[in-house]
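# Geometric and topological summary
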Amino acid sequence: MVELMDLIYVITYRCNLRCSYCLVKKQNLSISKKIINSSVQLISSKIRKVRIFGGEPLLEFKLLQYLIKKIRAKNKYLPIYITTNSILLDEKKISWLKRNRLQLSISLDGNEFTQLKNRKGLNSFKKIIWNLPKLSPQTIYNLVIAPNTAKYFFYNFRYLVNLGITRFNILPAYYNNWSSRQINNLENNFALVYNYIKKNSLQNKLYLQNLDNFTELTLFNKALVIDCDGKIYNTTAVLTEKIRLAKKLFQIGDFKKNQTQISNRKVVQKQFDELVGKKDMRIN
């Protein structure tokens with residue numbers, strides 16, 4: 001049986017926000033059309049979906065449109081997901097997203113206080129709330145639980161459910177600094193969320209991604225990752241600032257140098273942890 005894989009594009013490291021828990025180093029670097037043209041050859045029956053990351057992908061909207069056009073030329077119906085902070089979303093972009101059958105993942109941590117607590121820049125909360133009625137019901141909302149917002153997790157989850165949101169990606173902020181009290185807050189709030197779902201019979205009404213996600217490499221995705229510079233990796237862990245100088249250890253190809261033969265280099269948990277340092281979150 002052929003193992004299906006995700007293909008992930010990092011189309012830019014530019015971002016119009018600065019989130020304190022984000023592990024990605026922001027820089028003025030974006031993918032080129034040449035790399036896009038070379039890399040779409042990876043679109044095959046082995047690819048089950050494409051995911052597009054940044055930075056903020058909508059900052060490079062023309063490149064994003066070019067990439068989608070090239071992907072759709074290879075496969076009209078391949079699922080494509082775009083992660084965005086939504087600040088640049090407008091009716092024109094939303095219409096284009098729907099026409100091209102693109103699914104959004106939007107960063108929304110809770111109410112306005114929580115959403116802005118760990119963000120520097122424009123008010124993404126107001127933009128999301130404004131666009132909420134226009135967005136597809138299939139939109140996934142990335143609810144990041146930071147150490148300083150863990151005690152509000154249940155309240156924020158309930159708040160978002162009451163807004164009509166039903167699809168969540170629950171993301172505790174791994175590799176941030178957590179105190180024992182904050183870990184306890186997280187555990188207690190997960191229990192409150194579980195009881196709330198059970199009490200209100202929401203088990204079959206909500207999509208909750210990551211609650212039962214057990215992977216060899218904590219938090220990060222195993223996939224074919226196309227970086228802005230054309231290098232190919234087998235994990236999104238290479239996006240983190242802590243591992244940036246050791247990225248070569250995880251490189252499996254390079255479109256810029258025509259090294260398109262993908263090597264089968266396994267990501268090892270121990271090797272990653274030695275580079276990142278001791279895990280900053282352990283829940284027993």
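All figures in this text were calculated on a predicted structure; none of them were measured in a lab.

### A few points about the overall build of the protein
In terms of regular secondary structure, the protein is built from eight helices and 12 strands. In the protein, which comprises 284 residues, the proportion classed as buried is 51%.

### Topic: empty space enclosed by the protein
Using the criterion set out here, one finds one cavity of 30 Å³ or more in the structure. Each pocket or cavity is described by its volume, and for the largest cavity that value is around 30 Å³. Forming the walls of the largest cavity are Asp-109, Thr-114, Leu-143, Val-144, Ile-145, Thr-149, Tyr-152, Phe-153 and Asn-156. Elements that contribute at least two residues to the lining of the largest cavity include exactly strand 7 (140-145) and helix 6 (153-162). Here the lining of the largest cavity is composed, by residue class, of five nonpolar, three polar and one charged.

### Examining helix 5 (residues 124-131)
Within helix 5, burial applies to Ser-124, Phe-125, Ile-128 and Asn-131. Buried residues of helix 5, seen end-on, are gathered within an arc of 140 degrees and therefore sit on one face of the element. Residues of helix 5 that are exposed and point more than 90 degrees away from the buried face comprise Lys-126 and Trp-130. By the N-cap criterion, in which a side-chain oxygen at the helix start approaches the backbone nitrogen of a residue two or three places on, helix 5 is capped by Asn-123, the distance to Phe-125 being 3.0 Å.

### Quick look at the packing of aromatic side chains
Under the counting rule described, the total for this entry stands at eight aromatic pairs. With a centroid separation of 6.4 Å and an interplanar angle of 20 degrees, the aromatic rings of Tyr-155 and Tyr-159 are classed as stacked. Remark: Tyr-159 and Tyr-155 occur in helix 6; sequence separation between them is four residues, near one turn of the helix. An aromatic cluster is built from Phe-153, Phe-154, Phe-157, Phe-168, Phe-190 and Tyr-196, whose rings are joined through pairwise contacts. The ring centre of Tyr-81 lies 5.1 Å from the NZ or CZ of Lys-49, which sits over that ring.

### Observations concerning the sheet that holds strand 7
Strand order in this open sheet of 10 strands is 9-8-7-5-4-3-1-10-11-12, and the pairing throughout is mixed. Strands at the two margins of the open sheet, each flanked by one partner only, are strand 9 (207-209) and strand 12 (251-254). Taking each pair of neighbouring strands and ignoring which way they run, the sheet shows an average axis angle of 25 degrees. Strand direction decides the pairing type here: strand 3 (residues 47-53) and strand 4 (residues 80-84), joined by three bridges, are parallel. Looking at strand 4, one finds that Ile-52 is bridged to Ile-82.

### Some details on the side chain of Gln-251
Mapping Gln-251 onto the fold places it in strand 12. Residue classification places Gln-251 among the buried positions, given a relative accessible area of 11%.

Rules used in this analysis
Residues numbered from 1 in each chain as written. Predicted model: local features only at pLDDT ≥ 70, side-chain atom pairs only at ≥ 80, totals over all residues. Heavy atoms only, no water. Helix = DSSP H or I, 4+ residues; strand = E, 2+ residues; numbered from the N terminus. Buried < 20%, exposed > 50% of the residue type's maximum accessible area, 1.4 Å probe, protein only. 1 Å grid on protein atoms, 1.4 Å probe; cavity = no way out; pocket = protein on both sides within 12 Å on 5 of 7 lines; lining within 4 Å. Points joined across faces, edges and corners; volume = space filled by probe spheres on them. Nonpolar A, V, L, I, M, F, W, Y, C, P; charged D, E, K, R; others polar. Arc of directions from axis to C-beta. Polar contact = N/O pair within 3.5 Å; in protein donor to acceptor, adjacent residues only side chain to side chain. Phe/Tyr/Trp six-rings, centres within 6.5 Å; stacked < 30°, edge-to-face > 60°. Lys NZ or Arg CZ within 6 Å of the ring centre and 35° of its normal. Pairing = 2+ DSSP bridges. Axes fitted to C-alpha atoms, helices over the stretch in contact; angles between N-to-C directions.

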